[in-house]
Amino acid sequence: MPTNKAFMLTQTQRDFLILLLSIQPHLSQPQMTALFKDKFEIELTAQQLKTLIKNSKSKVEELQKNEALTMALAVKVGLISLSSKINRTLALEEIVRMGKDGYLAQTQSSRGEVVSYLKHDLKTATEAIKAIKAEWSEEVQQQSNYTIVIGDAVAPQEETLEGDDEL
């Protein structure tokens, strides 16, 4: 029976689902399907999910026991987006832009009405600029150079002091 490539999941898609199964095992099939569609913009069938769950139980258990593996897989599938210097810088630049140019905020007036206004937050923008600077600055650490000579050592001579014989 030939396989239909349109219904096959890529390795990244399978890894995403396995990661969801390991970190959020309480999710229902419709919730997982919705998360999958948000991430990959394609529909996941119930049969695909059932087959993946059945075939990946050992991998899910392994991820639940090993946090480092889970973290590496989350970075690989793009679930953690601020793991690289570039992505962190882009997020900080967005904060600077929003703080400088303003963003739409809402508050409740004394009459109980919700009022929208353009909020500028220069303090947060300044902190984001400092964070960008810290992210990209290369601190030069002073290193001490030591020369270690490996060779035969001469045993120290024992010194005798006057009066040692009497003890």
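Structural data are supplied above this passage.
If you're wondering where the values come from, they're calculated on a predicted model, not measured in any experiment.

Definitions and limits used
- Residues numbered from 1 in each chain as written.
- Predicted model: local features only at pLDDT ≥ 70, side-chain atom pairs only at ≥ 80, totals over all residues.
- Heavy atoms only, no water.
- Helix = DSSP H or I, 4+ residues; strand = E, 2+ residues; numbered from the N terminus.
- Buried < 20%, exposed > 50% of the residue type's maximum accessible area, 1.4 Å probe, protein only.
- Areas by Shrake-Rupley, 256 points an atom, 1.4 Å probe, with all protein chains shown as cover.
- Polar contact = N/O pair within 3.5 Å; in protein donor to acceptor, adjacent residues only side chain to side chain.
- Contact = heavy atoms within 4.5 Å.
- Phe/Tyr/Trp six-rings, centres within 6.5 Å; stacked < 30°, edge-to-face > 60°.
- Lys NZ or Arg CZ within 6 Å of the ring centre and 35° of its normal.

J.: How should I be thinking about the overall build of the chain in this particular structure?
T.: When helices and strands are tallied, the chain shows seven helices and two strands. In the chain, the succession of helices and strands from N to C terminus is α-α-α-α-α-α-β-β-α. A total of 167 residues make up the chain; the buried ones form 20% of that total. Just so you have it, the chain exposes about 13,800 Å², and 54% of that area is on carbon and sulfur atoms.

J.: Would you take a moment to explain the side chain of Ser22 for this structure?
T.: Relative to the helices and strands, Ser22 resides in helix H1 (residues 11–23). A distance of 2.9 Å separates the side chain of Ser22 from the backbone oxygen of Leu19, its partner in a polar contact. Beyond its immediate stretch of four places on either side in the chain, Ser22 contacts Val60, Leu63 and Gln64.

J.: Sorry if this is basic, but what is going on with the packing of aromatic side chains here?
T.: Given two aromatic rings, one states the distance between the centres and the angle between the planes to describe the pair. The full count for this structure, using the stated rule, is two aromatic pairs. Look at Phe16 and Phe40: their rings are 5.4 Å apart centre to centre, the planes differ by 85°, and that puts the pair in the edge-to-face class. Here Phe16, found in helix H1, pairs with Phe40, found in helix H2 (residues 29–40); they are 24 residues apart in sequence, far enough to count as distant. With a relative accessible area of 3%, Phe16 lands in the buried category. Overall, Phe40 belongs to the partly exposed group, its relative accessible area being 21%. Ring geometry for Phe36 and Phe40: centres 4.9 Å apart, planes at 45°, overall tilted. Within this pair, Phe36 and its partner Phe40 are both found in helix H2, separated by four residues, close to a single helical turn. Against the face of Trp136 rests Lys85, its NZ or CZ located 4.5 Å from the ring centre.

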